[in-house]
Amino acid sequence: MADTLTTDAPLLSVEHVRKVYTTDGKAVEAVRDLTFELSRGEFACLVGPSGCGKTTLLKCIAGLLTPTSGQVMLDGKAVSGPPKKMAVVFQEYGRSLFPWMRVYENVEVPLKNARVPKAERERLVAEALDAVGLSHATRSYPWQLSGGMQQRVAIARAIAYQPEILLMDEPFAAVDAQTRADLEDLVREVWRRLGITVLFVTHDIDESVYLAQRVIMLSTSPTVIQKDLAIDLPDERDQLETRSMPRFIELRHEVYEQIQRAKRGAAAEETAVAAEH
Amino acid sequence: MKRVASTLLSTFALPVILIVIWFAATRQQTSAFVPEPVSLVKTFGEVWVGPAFTEQVVPSLIRLAAGLAGAIVVGIGLGLAVGYSRVLRDLLEPVLEFFRALPAPVLIPVLMLLIGIGDAMKITVIVIGCMWPILLNTVDGVRATDSVLTETARSFGFTGVSRFRYLILPAAMPRIMTGVRQALSIGIILVVISEMFAAVSGLGYQIVVFQRTFKIPEMWSGIVLLAIIGLVLALLFALVEKVVLRWYRGQREVENRGG
């Protein structure tokens with residue numbers, strides 16, 4: 001009975017998170033009031049116009065930033081620093097891999113740090129590199145690889161770490177379209193195979209609909225949730241077929257409209273503020 | 001083959017020209033204080049090949065090695081701490097600036113009074129003088145650690161020692177090596193100067209003795225030997241750097257090609 005209880009409770013809950021930055025003595029409200037929950041095993045995308053505080057929110061969830069108010073709960077415990085059960089994949093692959101370590105060591109080092117025994121480490125690293133199709137490049141340095149391959153290394157490092165939740169901050173924003181499609185399918189496959197929870201931040205509407213079970217749309221900064229949309233596409237997804245489904249186009253349309261509304265809302269508010277002055 | 005030839009040419013062209021000019025200028029010389037190339041080479045062999053090497057050169061090299069090793073340990077250790085801790089930086093920076101402005105040789109008279117004229121004094125002078133470029137470069141290197149890399153390391157739970165071992169020290173390594181390179185040349189200067197002050201052995205001591213006893217070609221040969229030691233050290237350093245900073249050179253090369 002206890003088992004069912006833990007499975008039903010949300011893995012991640014973001015409760016009234018607000019983040020105010022102070023730069024040059026001026027307070028900037030990046031995130032206003034955000035509340036949402038992720039169930040275990042869910043794949044959710046956070047979409048919003050650029051500069052809407054997505055990254056700030058993600059860093060609050062990852063325990064890299066402390067929210068000004070509100071809190072983030074992971075598996076029933078408040079997040080106060082980077083949690084053990086979480087791995088993050090950043091957008092800037094070129095700056096998130098250790099350039100002084102080869103591919104193998106890059107994937108291995110978080111496990112080494114977590115004092116995972118050597119034999120276990122070897123198995124996890126080999127499996128992770130195999131899952132991202134990089135078993136042949138273990139001896140290379142990251143900077144010898146293409147952008148797409150570097151991001152694969154970062155994904156391998158994240159999955160070898162065996163997180164319960166994987167946070168991805170616009171991971172494919174800086175790779176070319178073809179590589180991007182491959183990496184999208186790779187992330188879907190990893191998610192389905194490992195049964196982990198994925199929170200994927202993107203500004204790409206198509207990408208969010210294609211990848212997720214659920215798309216959470218954010219407003220412009222200061223950020224609130226604009227809409228939380230379930231993606232009722234079949235689990236088997238294909239770059240060509242899924243993207244040409246009428247339902248895909250409808251959902252895409254819906255997300256697009258919400259984002260536009262968010263932008264218009266912000267614009268209207270600005271005009272109102274301007275008119276007042 | 002052609003490339004090897006052109007490298008050899010560009011490396012040795014100027015030295016050969018200079019030696020030829022030197023040779024021509026000293027052929028009918030009268031000054032006893034300027035040696036001619038042939039007699040210098042002869043004197044060099046006579047003076048430095050044999051027991052003089054172990055009696056005079058080896059002690060200098062040992063002092064230099066000990067001083068540099070001390071400077072590297074202290075410089076990197078202190079540099080990592082100061083670069084990492086804001087509190088420490090705010091506290092120490094003005095003091096460090098003051099001590100850095102102090103030329104190390106002026107410490108020799110002071111240290112002679114405090115710890116005598118032995119090897120301890122000479123090594124201490126080298127440590128203090130060579131520490132600064134390493135220390136300051138390490139501080140800069142630590143502070144320039146990439147923010148995304150830092151966040152990555154944090155998100156994977158790198159704290160304490162492992163944070164230094166896997167992130168901060170390797171990230172600062174290119175700057176640390178720059179500091180060590182500067183320290184090498186300062187080290188040679190200081191070992192010679194400290195031996196000129198008060199010593200019974202060492203290259204600096206020997207050069208002064210030759211000068212005072214008017215053994216002018218011998219004095220010059222000592223200076224040449226110093227230059228050779230400096231050159232060998234620079235080559236050794238280049239070798240070490242090539243291994244330690246392999247990743248850095250490679251990364252830079254890729255970036256330059258891309259951009």
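Reading the values: rules and limits
- Residues numbered from 1 in each chain as written.
- Chains lettered and ligands numbered in written order.
- Predicted model: local features only at pLDDT ≥ 70, side-chain atom pairs only at ≥ 80, totals over all residues.
- Heavy atoms only, no water.
- Helix = DSSP H or I, 4+ residues; strand = E, 2+ residues; numbered from the N terminus.
- Contact = heavy atoms within 4.5 Å.
- Domains from an automatic or database assignment.
- Expected span 1.5 Å × (residues − 1).
- Buried < 20%, exposed > 50% of the residue type's maximum accessible area, 1.4 Å probe, protein only.
- pLDDT = per-residue confidence, 0-100.
- Salt bridge = Lys/Arg side-chain N within 4 Å of Asp/Glu carboxyl O.
- Pairing = 2+ DSSP bridges.
- Axes fitted to C-alpha atoms, helices over the stretch in contact; angles between N-to-C directions.
- Buried area = accessible area lost by both parts, 1.4 Å probe.
- Polar contact = N/O pair within 3.5 Å; in protein donor to acceptor, adjacent residues only side chain to side chain.

With that out of the way, let us pick up the environment of Leu233 of chain A. All names here are of chain A. On the secondary structure map, Leu233 appears in the loop between strand E10 (225-230) and helix H9 (246-276). The sequence separation of Leu233 and Tyr210 amounts to 23 residues, and the corresponding C-alpha distance is 8.5 Å. If we skip the residues at most four places from it in the chain, Leu233 touches Val209, Thr242, Met245, Arg247, Phe248 and Leu251.

Below, the discussion takes up the domain arrangement of chain B. If you check the domain split of chain B, you get domain 1 (1-30) and domain 2 (35-256). Between the C-alpha centres of domain 1 of chain B and domain 2 of chain B there is a distance of 31 Å.

The next subject is helix H6 (residues 147-160) of chain A. Each full turn of the α-helix corresponds to 3.6 residues, which orients residues three or four apart in the same direction. Residues and elements named next belong to chain A. For H6, with 14 residues, the first-to-last C-alpha span of 20 Å sits near the 20 Å given by 1.5 Å per residue. Burial runs high along H6: 12 of the 14 residues are buried. Taken together, the buried positions of H6 are Gly148, Gln150, Gln151, Arg152, Val153, Ala154, Ile155, Ala156, Arg157, Ala158, Ile159 and Ala160. In the stretch just after H6, Gln162 is the one whose phi turns positive, near 55°.

On to the confidence of the model for chain B. All names here are of chain B. Scored by pLDDT, chain B has a mean of 90; 98% of the residues are at 70 or more. Helix H7 (residues 147-155) holds the highest mean pLDDT among the elements of chain B, 95, whereas helix H1 (residues 2-26) holds the lowest, 86. Here the predicted complex scores 0.87 on pTM and 0.87 on ipTM.

Between side chains of opposite charge, a pair can form when the charged atoms approach closely. For the structure on display, the rule yields 33 salt bridges over all chains. Between Asp75 of chain A and Lys85 of chain A there is a salt bridge; the shortest N-O distance is 3.0 Å. In this pair, Asp75 of chain A is assigned in the loop between strand E4 (69-74) and strand E5 (77-78) and Lys85 of chain A in the loop between E5 and strand E6 (86-89), connecting sequence segments 10 residues apart. Accessibility expressed as a relative area gives 28% for Lys85 of chain A, which makes it partly exposed. A salt bridge links Glu241 of chain B to Arg181 of chain B, with the nearest nitrogen and oxygen atoms 3.8 Å apart. Of this pair, Glu241 of chain B sits in helix H10 (residues 216-244) while Arg181 of chain B sits in helix H8 (residues 160-197); the two residues are 60 residues apart in sequence, bridging distant segments of the chain. Residue classification places Arg181 of chain B among the partly exposed positions, given a relative accessible area of 40%. Members of the salt-bridge network, linked through shared partners, are Arg180, Glu184, Asp204, Asp206, Glu207, Arg243 and Arg252 of chain A.

Residues and elements named next belong to chain A. Across the sheet, 4 strands lie side by side as E2-E1-E4-E5; this open sheet has antiparallel pairing. On the outer flanks of this sheet lie strand E2 (26-38) and E5, each paired with one strand and no other. Across 2 bridges, the pairing between E4 and E5 is antiparallel. When the bridges of E5 are listed, Leu74 appears paired with Lys77. Here helix H2 (residues 54-61) sits on the sheet and contacts strand E1 (12-23), E2 and E4; the angle it forms with E1, its principal contact strand, is near 120°.

Let's shift gears to the interface of chain A and chain B. If you look at the interface, chain A gives 27 residues, while chain B gives 22 residues. Interface area for chain A against chain B, summed over the two sides, is near 2,400 Å², with a carbon-plus-sulfur share of 64%. On the chain A side of the interface with chain B, the three residues burying the most area are Arg95, Trp100 and Trp143 of chain A, jointly 31% of the side's total. Summed over the shared surface of chain A and chain B, the result is 10 residue pairs in polar contact (both at pLDDT 80 or more). Those elements giving two or more residues to the side of chain A that touches chain B turn out to be E6, helix H3 (93-96), helix H4 (103-113) and H6 of chain A.

Moving on, we get to the domain arrangement of chain A. All names here are of chain A. By domain assignment, chain A separates into domain 1 (12-85 + 164-273) and domain 2 (97-162). Each of domain 1 and domain 2 has a C-alpha centre, and these two points are 26 Å apart. At the junction of the two partners, domain 1 supplies 15 residues and domain 2 supplies 12 residues. Buried surface at the junction of domain 1 and domain 2, both sides included, amounts to about 1,000 Å², of which 71% is carbon and sulfur. Looking only at domain 1, the three residues that lose the most surface to domain 2 are Lys84, Leu183 and Leu186, adding up to 38% of its buried area. Across the domain 1-domain 2 interface, the total number found is 0 salt bridges. On the surface where domain 1 and domain 2 come into contact, there are 1 residue pair in polar contact (both at pLDDT 80 or more). Listing elements by their share of the side of domain 1 that touches domain 2, those giving two or more residues are strand E7 (165-169) and helix H7 (177-194). With 8 residues, H7 is the single largest residue contributor to the side of domain 1 that touches domain 2.

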